[in-house]
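Listed below, chain by chain, are the residues.
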Amino acid sequence: MDRPVVGSGPADLGATRSLGMADVAARAGVSHQTVSRVVNAQPNVAAATRKKVLDAIAELGYRPNSAARALVTGSSRTIGLAIANVSQYGPAQTLLGLEHAAREAGYFLTVSVLDDDSPGNLIEAVERLATQSVAAIVALSTYEGAVRALPVVNPRVPLITVQAERGGQDLAVWVDQETGAALATKHLLDLGHRTVHHVRGPANALEADARQRRWRIELESVGAPVPPVLHGDWWPPTGYLAGRELIARRRGGEEVTAVFVANDQMALGLLSAFDEAGIRVPDDISVVGFDDVPEAPYYAPPLTTVRQDFAELGRRVVQAVLARIGGTSVQPEPVQPRLMVRSTTAPPQAARPGIRGSAAPRT
């Protein structure tokens, strides 16, 4: 809120009033309108003039009244975010990246956390944010039904989606999931593995679909066998179960030397199952994850994985928001992932059925 100022003349001795733009204008030697343009980050203010205004704001300790400004302009320097699954690494890191980028741009982030991102919940969250005088709304969903439902919403402010791939939305920002899956699969094939098994994410997740789709394309492009997909839910217990299934396949005579796991948390469960069975990684089986969680370099062994740059994703979302607020048409390029090669991948040994290696299964 505006800072109180103690009056100094006889008529206002002991009285207080709010420090306003007129005080900043007087200190900077500019008009009230110029101060307003600077405070609202509007263009067409000379750099030297902008500096004078900002210096005056700092000297006086002026704090703009955001509620009053919203009443005048019909919006605020606030970006609304509708998001679900914040307990998962990807959504949580996207939220942090967006908050940091918004703060750097002088905006606040107000968040509506959904219990689940069903189409109805996501639409309701977007419409609720639209009533709060936000400057723009960002909707994050990787589940197909919710993403497909967004075009029916008309929030009357810019709506930007964060999703797994380019879709039908007017303005979307995403990490290139297919390129990430290609990096993982090609890395294992280039090491000499005859094929690559895959543990995918949930059946209705667009990210999981994109990663599985590109995994299959890479195998088919070199004539490699395409093994049956194992299904998970992003969490370690399903990775552990997938590991047990792959162990059973090896015992049955199937060649299993390389696995691409759709995220690092499932890869953790997979590595645990292999360790219990005495399977050595990467001597017996190579493993690649996806995300590059902070713990990945400290897995046993350190995990080779695909890094998603969530800080860059947040920056591009805010760039898209500012461009749309300014009336500019923009479609950001997808954020490119990187392969982080560590200690869970190596060329295959000669393929032999069953569990090999010197380590004995644990009891």
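Residues numbered from 1 in each chain as written. Predicted model: local features only at pLDDT ≥ 70, side-chain atom pairs only at ≥ 80, totals over all residues. Heavy atoms only, no water.

An unreviewed UniProt entry lists the chain under the name LacI family transcriptional regulator, from Kribbella pratensis.

Attention shifts here to empty space enclosed by the protein. Within the structure shown, the criterion is met by one cavity of 30 Å³ or more. Taken as a whole, the largest cavity holds about 290 Å³ of empty space. Together, 27 residues line the largest cavity, and Gly 90, Pro 91, Thr 142, Glu 207 and Gln 308 are the ones closest to its centre. Secondary structure elements with two or more residues in the lining of the largest cavity: helix H5 (89-104), strand S6 (159-163), helix H9 (206-221) and helix H12 (310-325). Looking at the lining of the largest cavity element by element, the count peaks at four residues for H5. Per-class residue counts for the lining of the largest cavity are 12 nonpolar, 11 polar and four charged. (1 Å grid on protein atoms, 1.4 Å probe; cavity = no way out; pocket = protein on both sides within 12 Å on 5 of 7 lines; lining within 4 Å. Points joined across faces, edges and corners; volume = space filled by probe spheres on them. Helix = DSSP H or I, 4+ residues; strand = E, 2+ residues; numbered from the N terminus. Nonpolar A, V, L, I, M, F, W, Y, C, P; charged D, E, K, R; others polar.)

Val 281 connects to Pro 282 through a cis peptide bond whose omega is 10°. Looking at where Pro 282 falls in the secondary structure, it is placed in the loop between helix H11 (264-276) and strand S11 (286-288). Note that the residue after Ala 300, namely Pro 301, is joined by a cis bond; omega there is -5°. Within the fold, Pro 301 resides in the loop between S11 and strand S12 (305-307). The backbone of Trp 234 shows a phi angle near 85°, a positive value even though the residue is not glycine. For Trp 234, a relative accessible area of 5% gives the class buried. One non-glycine residue, Asp 291, adopts positive backbone phi at about 125°. (Buried < 20%, exposed > 50% of the residue type's maximum accessible area, 1.4 Å probe, protein only.)

Considering all chains together, one arrives at two aromatic pairs under this definition. Ring plane angle 80° and centroid distance 5.8 Å describe the contact between Tyr 89 and Phe 310, whose orientation is recorded as edge-to-face. Of the two residues, Tyr 89 sits in helix H5 while Phe 310 sits in helix H12, which places them 221 residues apart along the sequence. Across this residue pair, the class does not change: Tyr 89 and Phe 310 are buried. Ring geometry for Phe 260 and Phe 290: centres 6.3 Å apart, planes at 40°, overall tilted. Of this pair, Phe 260 sits in strand S10 (residues 258-261) while Phe 290 sits in the loop between S11 and S12; the two residues are 30 residues apart in sequence, bridging distant segments of the chain. Each member of the pair Phe 260 and Phe 290 is classed as buried. Its end group placed over the ring of Tyr 107, Arg 77 keeps NZ or CZ at 4.3 Å from the ring centre. Positioned over the ring face of Phe 290 is Arg 211, at 3.8 Å from the centre of the ring. (Phe/Tyr/Trp six-rings, centres within 6.5 Å; stacked < 30°, edge-to-face > 60°. Lys NZ or Arg CZ within 6 Å of the ring centre and 35° of its normal.)

Our next topic: the sheet that holds strand S8 (residues 197-200). If you trace the four strands from one edge of the open sheet to the other, you get S9-S8-S10-S11, paired in parallel fashion. At either end of the open sheet lies a strand with only one pairing partner, and these are strand S9 (230-231) and S11. Both S10 and S11 contribute to a ladder of three bridges, which runs parallel. Note on S11: the bridge partner recorded for Val 259 is Val 287. Each of S8, S10 and S11 is contacted by H11, which is oriented at about 150° to S10, the strand it contacts most. (Pairing = 2+ DSSP bridges. Contact = heavy atoms within 4.5 Å. Axes fitted to C-alpha atoms, helices over the stretch in contact; angles between N-to-C directions.)

As a further point, take the sheet that holds strand S3 (residues 78-84). If you trace the five strands from one edge of the open sheet to the other, you get S4-S3-S5-S6-S7, paired in parallel fashion. Taken across any chain shown, the strands that pair with only one partner, and hence form the sheet edges, are strand S4 (108-114) and strand S7 (172-174). On average, each strand axis in the sheet is tilted by 20° relative to the strand beside it, whichever way the strands run. Pairing of S6 with S7, which is carried by three bridges, proceeds in the parallel orientation. Residue pairing for S7: Gln 163 is matched across the bridge by Trp 174.

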